[in-house]
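Chain residues, written in single-letter form:
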Amino acid sequence: MKRYCNSYFRVDTQRVIENYRKVQEYIGPSTGIIPVVKGNCYGYGIIPMAKLYKNCCGAEIIACSAMQEAVDLRNAGLEGEIVVIGGIPQHLLDGAVEYDLQIPLFEEKTAYRIQELTSSSEPVKVHIKIETGMNRLGIRPGEDLERLLTLIKTLDRIEVVGVYSHFSTSTSDYNDPFALIQCERFRSAVEQIRQAGFKPKYIHCCNSAAIAWFKDAYFTHVRSCTSLLGHVAMEDGREPIGLMEPLEIGAYITNIHHIDTGESIGYSRAFFADRPMDIATISVGFGDGFYPKWFRSQGPVLINGQRTHFLGCCMDQSFADVTGLECEIGDKVILIGSSGDERITTWDMEQFCGNTFEFLYGTIGTRVERIYI
Ligand SMILES: *Cc1c(COP(=O)(O)O)cnc(C)c1O
């Protein structure tokens, strides 16, 4: 069915497939990739991206953060292994049984609850989450972990298929000292779990930034969202894998008008012209979920190969300075991507907004059409 959207978010799926291949080559054949598709796959669209990873990249297991995300994937027909990696409210745990989902386990209450829920069904597959320094979800190696492992052995409805943890500082620098400490804590937990007789298939603690530099932390699998999407994971912009951005974000000019010195545009007269100007009205606004600073602080745009910038925005529409530019009503406005010899990358926009692309793209709403080529 034809859609009638004012703006678009276009994904070149060949590039995503190529990024997946490059990450696989970078980590080597003995480590697997767990693609992470949480938060609507950082704006890319959770269902198409999960299907792309599973059907075109050969991913064996897909990770999402919330139970409902996993249920949405199942309802969209995604078969195979799915693991929820975020914390799950107790009253939603039956979803794991109903939809055959793998879940995190790091405390006893959930263990007892699973045992109760599965009296007449298959065991639930769990990934034990280890607390190594993030202090968000997880159980500490040593006594606490020992107690949980002892309990699990008495519960026949729990199958341990994984063990994982998450770095809190891997994006800041190669060989970040705290990440090294976290990895050692994780390694000791993995050893403890093996000693207790468990043989988890999935042992994973690297995110995209750690993939770039932390080869000793690869274990059996790495988790990635950022790198597979071709974006830079390190805070300083280092990207050793040679990834490609698959993304173009665009909208359209719906009006062009001339204003004189001293005239204003928009609500509250937010911008005053200090010279005669040509102003284009653009078919995208903060109601489409864009980070307000992007449009309000005069973020860059490309029109017919020419670079200019926003002058402000309303909920559904925004303004750009087109003084002296070649353009007309109906022309495309590129927010992210290339036009002629000009290019605006995700990295450029992260620097401009002072925020990571998870924030910038993760909030982009459904009025912005997702196109997959
Ligand atoms: C979001 C998330 C990831 C993916 O992180 P990237 O840096 O985008 O690869 C991996 N693991 C956990 C636990 C996460 O929450």
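Up top is the structure.
Below is a summary of the structure that appears in this document. (Residues numbered from 1 in each chain as written. Predicted model: local features only at pLDDT ≥ 70, side-chain atom pairs only at ≥ 80, totals over all residues. Heavy atoms only, no water.)

A word on the sheet that holds strand 6 (residues 124-129)
Reasoning step 1: Pairing is parallel in the open sheet, where six strands are placed in the order 2-9-8-7-6-5. Each end of this open sheet is capped by a strand with a single partner; those strands are strand 2 (32-35) and strand 5 (103-105). Here the average twist between neighbouring strands, direction ignored, is 40 degrees.
Reasoning step 2: Direction of pairing for strand 2 relative to strand 9 (residues 221-224): parallel, over a ladder of four bridges. By the bridge assignment for strand 9, Gly32 is matched with His221.
Reasoning step 3: The strands touched by helix 1 (residues 13-27) are strand 2 and strand 9; relative to strand 2, the strand with the most contacts, the crossing angle is about 140 degrees.
Reasoning step 4: Across the sheet, helix 6 (residues 108-117) touches strand 5, strand 6 and strand 7 (158-164), and the angle it forms with strand 5 is around 130 degrees. (Pairing = 2+ DSSP bridges. Helix = DSSP H or I, 4+ residues; strand = E, 2+ residues; numbered from the N terminus. Axes fitted to C-alpha atoms, helices over the stretch in contact; angles between N-to-C directions. Contact = heavy atoms within 4.5 Å.)

Remarks on unusual backbone geometry
Reasoning step 1: Phi at Cys41 takes a positive value of approximately 50 degrees, unusual for a residue other than glycine.
Reasoning step 2: When you line up the elements, Cys41 lands in helix 2 (residues 38-42).
Reasoning step 3: A relative accessible area of 0% means that Cys41 is categorised as buried.
Reasoning step 4: For Gln298, which is not glycine, the phi dihedral falls at a positive 65 degrees.
Reasoning step 5: Within the secondary structure layout, Gln298 lies in the loop between helix 10 (292-296) and strand 14 (300-303).
Reasoning step 6: Exposure remark for Gln298: the relative accessible area of 32% places this residue in the partly exposed category. (Buried < 20%, exposed > 50% of the residue type's maximum accessible area, 1.4 Å probe, protein only.)

By themselves these figures say nothing about function.
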